[in-house]
2 protein chains.
Amino acid sequence: MPETPFWTQDSLEDLVSARSKIMGAGVWAAARPDDRPVISFAGGLPDVPSLPSEELLRATRNVLERERREALQYGGTFGPHPLREAIAERSSVIEGIPLTDEHVIISSGAAHGIGIACEALLDPGDTALVESPTFPGSLRTIHSFGAEIEAIPMDDEGLRVDLVEETLKRLADEGRRAKLLYTIPTHQNPAGSTLPLARREKLLELAREHRVMLLEDDAYGELWFGDNPPPPSLFALSGGELAIRVLTFSKIIATGLRLGWNLAPPTLITRMAALRYDMGSSPYLGRTVAEMIRNGDLDRHVERLRGIYRRKLERLCAAIEEHCSDYVSYRLPEGGFFLWLGLRPGLSALEVQQVANEKGVLIGAGPHFFADSNVTQHLRVAFSYTPVEEIEEGVHRLGEALREVAANSAVK
Amino acid sequence: MPETPFWTQDSLEDLVSARSKIMGAGVWAAARPDDRPVISFAGGLPDVPSLPSEELLRATRNVLERERREALQYGGTFGPHPLREAIAERSSVIEGIPLTDEHVIISSGAAHGIGIACEALLDPGDTALVESPTFPGSLRTIHSFGAEIEAIPMDDEGLRVDLVEETLKRLADEGRRAKLLYTIPTHQNPAGSTLPLARREKLLELAREHRVMLLEDDAYGELWFGDNPPPPSLFALSGGELAIRVLTFSKIIATGLRLGWNLAPPTLITRMAALRYDMGSSPYLGRTVAEMIRNGDLDRHVERLRGIYRRKLERLCAAIEEHCSDYVSYRLPEGGFFLWLGLRPGLSALEVQQVANEKGVLIGAGPHFFADSNVTQHLRVAFSYTPVEEIEEGVHRLGEALREVAANSAVK
């Protein structure tokens, strides 16, 4: 190898695309497990012991026995057909509207599903509305296409749809429009909130009036803990018309598959497929998961996961009651992976995060999730990944961190 | 569902991105097996009976036993690390230069590898050089980013590097430059040619002088039939400096995996990773293939494939000698999936393709592979997929088609 590379990051600048110039050389990495002996509430990762490896292996064996030829050959840009059909059938029940394979494109996970939607819609200078706080990976994707992001605040019930209306009107007055609105209406990341039905209906009115595409990220929707599922999706409420609904097997099977799907009007499914240069997501993986849908393993697994995450959340809340109740408040999420803790006035989330880290417990700091500078002092506690027997000790350490930061804050 | 969809292809036009406007609603599909009882020489698809399903199942079982946690969780934007390491080690031997994981990004197949390279380099209005004829899927990808394509002719030995030089000089005189040059230097698709060493070295000189990135597609390079491997890659000859080298497990394991890799200078690997919004290719799949590399299954399989495809090519050539020799000529490829048949003057490739199709044999028509209107009258015969026992009959039918078209052409 030569001592001085021909293409350095500097000399590359006149070669690379505008999109590469926006992103530079900074690589996004999802939160990953820490190798230190710490207790982690940091990443939105699934429970490890329950990862369904036996079901996957059984499905793989069946697929290689029965559909070997099709599983090991190209499956087309829309994704493997048996998976699209299995999803359409299962989604018709979940969504409560009749869906066919034409409403489905297979993606390589929700992040990819959001990416292909942005790629089909956004040009540099376009405006995208996003609820704030939100998942930073999606902000990064929207930003990479050169779009201008308008942050819309949330409250305890989710997106402030009244402020969406104000913003859309202001944009219209300025002769501008929003191309899309990105929202996680159910078991929101990071806030845990679920948008009530009335707000969903109002949002759809606005989408229709202002011709805004709703980008409905729903990675956690199936993981609800109460007696009833969450309200119908924006996609379902609009009769499958006004939203691109982004879904994934990451949280209900495994993030390591990189497999998900978008539901959308067939016209938009086609547009997203037309832009793909990857010849579609893996038929080998896709047929394996289709087999898990057909043989009932997926539904059984989702039911099991609801119980696992419900129990983790209960354990977490009991521990918070014991160790942290003087410093935090929260609204109980109805599902998902996240508890969003509001800090007592005067406490800094970044400071608590750092002291907690020193005490051996990792948490998310609220300010990292905001799309603008209007941050609030919250902590995101992801309870999904933490082994159930470590939750109490983790919260105990968090309580110590809170006490320490509160004492220091009082002194200052 | 409403009778009239809210978002039609027409009403979408003011919502979608510039890239979506370029591509419209036309979806690319790779050539797939025909369900009719025909003999197909049409698609660049692997041999079916040898698809290594037992090896895949064994590797899957081992991965789920030994690396379950890592295989089923996020693996990062560069792709699963054990696969990057296994590829770096194996590629150091094949390329003959020392490589590390930093030279490797895992892709979702060669088409995806080409796509992420284009995404990192191309803006609307940029110029890309492509050898012609070439793989139409790559032309489509380059075109989708709004680049202007300059076609460079080939001869029996591959890309006319003298014409590359002329073109680069002309562009420089016009105050323009080419950002990239797309080439398949080894066992070219569709022409089967392999670029000689001297031309490779000249091409690298030009790339250095004109600061053009070489996009070296090598989906077929390992499948060589003689006593010696092909000349070193452009990437290797430049010390890993001047090319993005695109490789894939599609032709040496299975197209249905959607798994490949790019080799490139680490600065460029980082740029490609920074643009990915999909959180990287599947750790579950990647670790399965890493296991097949480590346990020797992949190398044994590639060796077996060389024999299978060599025998198919021999059978094909013998049959052509018997049935078609009055109408076609060719240069024997040294590897890969394709025989490129030049037609006797006066014969139209499209006409032969159509008549052959009617007689129950599918072939590729040369004109479909050109990047400009300077087409030649060739047929692309993909011998990889066709069952060996059908080759003779397929060529017999092709001979009948040639005779019929020749007779009609004489009459006209």
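Residues numbered from 1 in each chain as written. Chains lettered and ligands numbered in written order. Predicted model: local features only at pLDDT ≥ 70, side-chain atom pairs only at ≥ 80, totals over all residues. Heavy atoms only, no water.

1. As for the relation of the copies chain B and chain A
Turning one copy of the chain about an axis and sliding it along that axis gives the other copy, so a rotation and a shift relate them. The transform that puts chain B on chain A rotates by 180 degrees and translates by 0.0 Å along the axis, for an RMSD of 0.0 Å. Taken together, these values place the two copies in the relation of a two-fold axis. A high fraction, 100%, of the interface residues of chain B reappear at the interface in chain A, so the copies pair face to face through one surface. (Least-squares fit on C-alpha atoms with pLDDT ≥ 70 in both. Contact = heavy atoms within 4.5 Å.)

2. Some details on the sheet that holds strand E11 (residues 338-343) of chain A
As a general point, the strands of a sheet are linked pairwise by backbone hydrogen bonds and lie either parallel or antiparallel. Residues and elements named next belong to chain A. Reading across the sheet, the four strands line up as E10-E11-E14-E13 and stay open at both edges, with antiparallel pairing between neighbours. If you trace the sheet from one side to the other, it starts and ends with strand E10 (328-329) and strand E13 (364-365), each paired once. Inspection of the sheet shows E11 paired to strand E14 (residues 378-382) by five bridges, in the antiparallel sense. Across the sheet, Phe 338 pairs through a bridge with Ala 382, a residue of E14. (Pairing = 2+ DSSP bridges. Helix = DSSP H or I, 4+ residues; strand = E, 2+ residues; numbered from the N terminus.)

3. A look at the pairing of strand E9 (residues 260-263) of chain A
Residue and element names in this part refer to chain A. By the alternation rule, side chains of E9 split into Gly 260 and Asn 262 and Trp 261 and Leu 263, which are all buried. Bridging between strand E2 (residues 104-107) and E9 involves four bridges; their strand directions are antiparallel. For Ile 105, the partnering residue across the bridge sits in E9 and is Asn 262. Summarising the sheet, strand E8 (residues 243-248) and E9 pair through four bridges and their orientation is antiparallel. Counterpart to Val 246 in the pairing with E9 is Asn 262. (Buried < 20%, exposed > 50% of the residue type's maximum accessible area, 1.4 Å probe, protein only.)

4. Focus: the side chain of His 210 of chain A
All names here are of chain A. Tracing the backbone through its elements, the reader meets His 210 in helix H9 (residues 197-210). Since its relative accessible area comes to 17%, His 210 is described here as buried. Residues contacting His 210, with those up to four places away along its chain left out, are Leu 168 and Lys 169.

5. So, the pattern of salt bridges
Residue and element names in this part refer to chain A. Here the structure, examined in full by the defined rule, presents 65 salt bridges over all chains. Of the charged contacts in the structure, one is a salt bridge between Lys 169 and Glu 165, with a shortest N-O distance of 3.3 Å. Of this pair, Lys 169 and Glu 165 both sit in helix H8 (residues 161-173), four residues apart, roughly one helical turn. One salt bridge in this structure joins Arg 300 and Asp 297, with 2.9 Å as the shortest N-O distance. Pair noted here: Arg 300 and Asp 297 are both in helix H13 (residues 297-323), with a separation of three residues, about one helical turn. Since its relative accessible area comes to 48%, Arg 300 is described here as partly exposed. Among the residues examined, Asp 297 registers a relative accessible area of 6% and is labelled buried. (Salt bridge = Lys/Arg side-chain N within 4 Å of Asp/Glu carboxyl O.)

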